[in-house]
Amino acid sequence: MARSYVILGDGIAGSSAAETLREEDPEGSITVVTNEDEPLYNRILIKEFAKGTMPEAPIQIHDPDWYADRDIDLRLGTEATTVDVEGHTVETAGGDSISYDRLLVATGGTPMELPVEGGTAAGVHYFWTFDDARRIRAAAGEAETGVVVGAGLLGIDLAAICGAHGCAARYLMRGDRWWRYALTDAGASIVHDGLREKGVTPVFESGVDHFETDTSGHVTAAVDSSGQRHPAEFVGVAIGLDFNTDFLADTPVECDGGIVVDERMATAAPDVYAAGDITQYYDVILDERTQNGTWGSAKEQGAVAARNMVGEDTATFRYVPSYSITHFDFPFLSFGHPTIGEDHAERTYEEGVWRRLAFRDGRLVGGVLIGDVSQQRVLKTIIREERPVGDHAEALLAEEIDLDALPESPVDATAE
Ligand SMILES: Cc1cc2nc3c(=O)[nH]c(=O)nc-3n(C[C@H](O)[C@H](O)[C@H](O)COP(=O)(O)OP(=O)(O)OC[C@H]3O[C@@H](n4cnc5c(N)ncnc54)[C@H](O)[C@@H]3O)c2cc1C
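Quick summary incoming for the structure in this document. Quick caveat: nothing in here was measured; it's all calculated off a predicted structure.

Concerning the pairing of strand β5 (residues 89–92)
Next, step 1: With four bridges connecting them, strand β4 (residues 80–84) and β5 associate as antiparallel partners. Within β5, the residue paired with Asp84 across the bridge is Thr89.
Next, step 2: Both β5 and strand β6 (residues 97–99) contribute to a ladder of three bridges, which runs antiparallel. Paired with Thr89 across the strands is Ser99, a residue of β6.

Written out as structure tokens, the structure reads:
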């Protein structure tokens, strides 16, 4: 009998799983449930839409016909509310019960709210969906002053959006630099200069104590802990994600800051898999559990999960993620896990060109490239192949890295 697959979430993880499932199992029934009202779009590009540099159309990836053509039952605007693992069913907010033989949870995260007075006032924006991007584009376009909170990879998008709309924004950062867990002063200052060129002012050792609002409840300013007032008609906050796992309460699926899965994307519960941002996955390269919020990683996890759901159960996730920032006139790329290193090496090559590498247990685990990203491939290969390069920092800082001159891989990284 044909197997039934249910996928919760139509982001890139869920959608890539649906595509792989259909390729691997032409007879199976596939249902994709999403609480959004539109099918898969390119979440990476919604920032460009919000900046006003891209129209809507190229951001859509699939239209409903894409699903119909593949005999995939797409349920838009449908919230999964409960999973009965024993009974193999998913309940929805509309009262439907959908049964499955294999379930994939790919529901990602929701931006955390800033837990301060005014943190949800009108004009305070959190950024995850295309609808958020539409609101943000309109609001930033009208605002003359802004404040951005969250000195990481998503916060900088909000800062760039303000810059693109000529909204004079202050970017409040807790420490003395942007993305302080991955960058030192030398790299961060390149980013700070890039922000200033866009009309965004970095403000260090800062943070929001509360927001002020006008009589209609719309934000007017952020006040930091020292009492300094930063006028803001527009506020953008990106301080992390809460993972969408509520509907798994009272199930044997282990949730611990995300859904715990093995290297095959299987959860602790029978026939339940998870993929994408939501996973706390076992990383075979790092040899430990980790989490990663990148498009490429979510796509690959969806495909790996699907291959295992079909029954092969042999596909393994071995992947080195990367994340680029395209707001400036210089390239920026983070690769691997740049924040978990114990030893570091870095070099400035010329003004605006900088590289930092993070090592752990004698291996490269990640890094950041600014100004010249030409070595990204070779650096990712070194991580993926687990080459013991801990004593070869100088060779890895060379402008052109000679892979053949480095210690060979002790693993068969292509075997999985
Ligand atoms: C503004 C922005 C910029 C980004 N830029 C980059 C970038 O440059 N490079 C990069 O690599 N990554 C980037 N990312 C991150 C990247 O988009 C994510 O890592 C990726 O989209 C995760 O895919 P996912 O399928 O795991 O989750 P999601 O894309 O979050 O999809 C999960 C889906 O599940 C739905 N859902 C949640 N709960 C339920 C429920 N109960 N029932 C039904 N449906 C549910 C959600 O609404 C959502 O549609 C960016 C993210 C954002 C928001």
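On we go.
So, the site of the ligand
Next, step 1: In the vicinity of the ligand lie 31 residues, with Asn35, Glu36, Arg43, Lys47 and Asp277 positioned nearest.
Next, step 2: Contact distances for the ligand include 2.7 Å between an oxygen atom and a side-chain N or O atom of Asp277.
Next, step 3: Between the ligand and the protein, one listed contact pairs a nitrogen atom with a side-chain N or O atom of Tyr323 at 3.1 Å.
Next, step 4: Expressed as a share of its isolated accessible area of 1,000 Å², the protein-covered part of the ligand is 96%.

Brief notes about the layout of surface pockets
Next, step 1: Its volume calculated, the second largest pocket comes out at about 170 Å³.
Next, step 2: Forming the boundary of the second largest pocket are Ala186, Ser189, Ile190, Asp193, Gly194, Glu197, Asp329, Phe330, Thr348, Glu351, Gly352 and Trp354.
Next, step 3: Looking at which element gives the most residues to the lining of the second largest pocket, the answer is helix α6 (residues 185–197), with six residues.
Next, step 4: Of the domains in this structure, domain 2 (124–237) and domain 3 (330–405) are the two that each give at least three residues to the lining of the second largest pocket.

So, the sheet that holds strand β18 (residues 259–261)
Next, step 1: Taken together, the three strands give an open sheet; going across it, the order is β18-β20-β21, and neighbouring strands pair in mixed fashion. Whereas interior strands pair on both sides, the edge strands pair on one side only; in this sheet they are β18 and β21 (288–290). If you compare each strand with its neighbour and ignore which way they point, the axes differ by 25 degrees on average.
Next, step 2: Direction of pairing for strand β20 (residues 279–283) relative to β21: antiparallel, over a ladder of three bridges. Counted as the bridge partner of Tyr282 is Arg289 from β21.

Describing empty space enclosed by the protein
Any empty space left between the atoms is revealed when a probe the size of a water molecule rolls over them.
Next, step 1: Within this structure, the stated rule accounts for one cavity of 30 Å³ or more.
Next, step 2: Taken together, Asp283, Ile285, Leu286, Tyr319, Val320, Pro321, Gly336, His337, Val365 and Ile383 form the lining of the largest cavity.
Next, step 3: Classifying every residue of the lining of the largest cavity gives seven nonpolar, two polar and one charged.
Next, step 4: The residues that make up the lining of the largest cavity include at least three from each of domain 1 (4–110 + 241–310) and domain 3 (330–405).

A word on the packing of helix α1 (residues 12–24) against helix α7 (residues 295–310)
Next, step 1: Interaxial distance between α1 and α7 falls to 7 Å at its minimum, and their mutual angle equals 35 degrees. Between α1 and α7 the crossing geometry is right-handed. Contacts between α1 and α7 involve Ile12, Ala13, Ser16, Ala17, Thr20, Leu21 and Glu24 from the first element and Trp295, Ala298, Lys299, Gly302, Ala303, Ala306, Arg307, Met309 and Val310 from the second.
Next, step 2: Residue classes in the contact of α1 with α7 are distributed as ten nonpolar, three polar and three charged.

Side note on helix α8 (residues 376–384)
Next, step 1: Within α8 the residues assigned to the buried category are Val378, Leu379, Ile382 and Ile383. Viewed end-on, α8 has its buried residues packed into an arc of 140 degrees, placing them on one side of the element.
Next, step 2: At its buried positions, α8 is contacted by β23 (332–336), β25 (353–360), β26 (363–370) and α9 (393–397).
Next, step 3: Remark: Glu386 follows α8 within two positions and exhibits a positive phi of approximately 55 degrees.

Rules of the game
Residues numbered from 1 in each chain as written. Predicted model: local features only at pLDDT ≥ 70, side-chain atom pairs only at ≥ 80, totals over all residues. Heavy atoms only, no water. Pairing = 2+ DSSP bridges. Helix = DSSP H or I, 4+ residues; strand = E, 2+ residues; numbered from the N terminus. Near = heavy atom within 4 Å. Polar contact = N/O pair within 3.5 Å; in protein donor to acceptor, adjacent residues only side chain to side chain. Areas by Shrake-Rupley, 256 points an atom, 1.4 Å probe, with all protein chains shown as cover. 1 Å grid on protein atoms, 1.4 Å probe; cavity = no way out; pocket = protein on both sides within 12 Å on 5 of 7 lines; lining within 4 Å. Points joined across faces, edges and corners; volume = space filled by probe spheres on them. Domains from an automatic or database assignment. Axes fitted to C-alpha atoms, helices over the stretch in contact; angles between N-to-C directions. Nonpolar A, V, L, I, M, F, W, Y, C, P; charged D, E, K, R; others polar. Left-handed = near helix turned anticlockwise from the far one by under 90°. Contact = heavy atoms within 4.5 Å. Buried < 20%, exposed > 50% of the residue type's maximum accessible area, 1.4 Å probe, protein only. Arc of directions from axis to C-beta.

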